[in-house]
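As a plain string of letters, each chain reads:
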Amino acid sequence: PGADIVLVVLKQQLRGALVGVESVTQEGLKAVFKNFNEAGEGLVTRLRAFRDADVHVLGSFIFGLPTDTPETVAARADLAHRAGLSFAQFVMLQPLPGTVDFSKWEREATDVQVIDGVPLTRYWLIPPEHRPRVYTPHPRMTADELRSRTQDVWDQFYAVKLVWQRARFLKSLRARLAFVLISRLYRQMYANTGIATDSARVARSAQRARWMAKAARRLFVAKPMPELQEPTPVAKSGG
């Protein structure tokens, strides 16, 4: 009953929500201190409840947790689609100053890489074009493998065929095409420009994202309303 009440409130007041899913396994959730969350099929059921309440979800997943394996990384795209997420982001683990992960990394790191005279443990001081995409070593995958597998998940979730399937909740063809374009734009902005290691690829991805953004804006431009009057300010009466 409590969950039903929450969903009713969501349906009346919210149209979209960012949900920090983080991981799809109990081991992964424990690694980010979220072992109270559902995993596996229980997670799919919980997330689909948002869709049933007509609430669109941007699901956020973390890649590079020490519990990650090639299999659990690949499973995220399938779970995100089956859960009915409108959008999903697959971000690399980034230890932020002040967090437990950062303190542990700084304390236990050995042979810290130095880039442009800056130790990797102070990565925010490294020029963005030289900053690596993976900060902490992974026990099962190399940095290049982890980055490549993360890119694959972006590509799978935002494949045109699957995006078109997720657009079925929209009635008009124009709205569906807009959803596909925005989905591809989101992937272009946050996957290609955020994960690519080559600066030339990043520049090309940013250019494509700008082109797609211009096309997306045209879909939402309203017709001119020349008869619309600008409100006249009401003069304040003296007191």
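As a starting point, this report considers the structure included with it.

1. Observations regarding the environment of Ile-182
Relative to the elements of secondary structure, Ile-182 occurs in helix H8 (residues 173-195). Given the relative accessible area of 29%, Ile-182 is considered partly exposed. Residues Ile-182 and Phe-87, spaced 95 residues apart in sequence, show a C-alpha to C-alpha distance of 9.9 Å.

2. Digging into the environment of Ala-167
Positionally, Ala-167 belongs in the loop between helix H7 (160-166) and H8. Ala-167 gets classed as buried once you look at its relative accessible area, which sits at 0%. Put simply, Ala-167 and Ala-178 are 11 residues apart on the chain and 9.3 Å apart in space, counted from C-alpha to C-alpha. Sequence-distant contacts of Ala-167, that is, excluding residues within four places in its chain, are made with Arg-176 and Phe-179.

3. Re the nonpolar core
Core analysis: the largest hydrophobic core is formed by 34 residues, its most contacted members being Leu-47, Phe-61, Phe-63, Leu-85, Ala-88, Phe-90 and Phe-157. Counting only elements with at least two residues in this core, the list comes to strand S1 (16-22), helix H3 (40-52), strand S2 (56-63), helix H4 (70-82), strand S3 (87-92), helix H6 (143-157) and H8. Residues in contact with Phe-90, not counting those within four places in the same chain, are Phe-61, Phe-63, Arg-76, Thr-150, Val-153, Trp-154 and Phe-157. Core analysis: the next-biggest nonpolar cluster, separate from the first, contains eight residues, Phe-102, Ile-115, Val-118 and Tyr-135 among them.

4. Digging into the packing of H4 against H6
Interaxial distance between H4 and H6 falls to 9 Å at its minimum, and their mutual angle equals 15°. Here H6 runs roughly parallel to H4, going by the angle between their axes. Regarding H4 and H6, the two cross each other, and that crossing is right-handed. Listed contacts from H6 to Pro-70, Val-73, Ala-74, Arg-76, Ala-77, Ala-80 and His-81 of H4 are Glu-145, Arg-149, Val-153, Gln-156 and Phe-157. When its residues are assigned to classes, the contact of H4 with H6 shows seven nonpolar, two polar and three charged.

5. Here's the deal with the pattern of salt bridges
The final tally for this structure, using the stated rule, is five salt bridges. Close ionic contact of Arg-76 with Asp-68 constitutes a salt bridge, the shortest N to O distance being 2.9 Å. A residue is classified by how much of its surface remains accessible, and Arg-76, at 0% relative accessible area, is buried.

6. What about a nonpolar patch on the surface?
Judged by side-chain polarity, Trp-164, Leu-173 and Leu-177 come together as a nonpolar surface patch covering roughly 300 Å² of accessible area. Tracing the sequence through the fold places Leu-177 in helix H8.

7. Quick word on unusual backbone geometry
At Asp-111, a position not held by glycine, the phi torsion is positive, near 50°. Along the chain, Asp-111 turns up in the loop between helix H5 (100-108) and strand S4 (114-115). Of note in this structure, Asp-116 is not a glycine but carries a positive phi near 55°. The topology assignment puts Asp-116 in the loop between S4 and strand S5 (118-119).

Reading the values: rules and limits
Residues numbered from 1 in each chain as written. Predicted model: local features only at pLDDT ≥ 70, side-chain atom pairs only at ≥ 80, totals over all residues. Heavy atoms only, no water. Helix = DSSP H or I, 4+ residues; strand = E, 2+ residues; numbered from the N terminus. Buried < 20%, exposed > 50% of the residue type's maximum accessible area, 1.4 Å probe, protein only. Contact = heavy atoms within 4.5 Å. Core = buried A, V, L, I, M, F, W, Y, C linked by side-chain atoms within 4.5 Å. Axes fitted to C-alpha atoms, helices over the stretch in contact; angles between N-to-C directions. Parallel < 35°, antiparallel > 145°, perpendicular 65-115°, else oblique. Left-handed = near helix turned anticlockwise from the far one by under 90°. Nonpolar A, V, L, I, M, F, W, Y, C, P; charged D, E, K, R; others polar. Salt bridge = Lys/Arg side-chain N within 4 Å of Asp/Glu carboxyl O. Patch = residues over 30% accessible without salt bridge, like charges linked within 9 Å, V, L, I, M, F, W, Y side chains within 5 Å. Areas by Shrake-Rupley, 256 points an atom, 1.4 Å probe, with all protein chains shown as cover.

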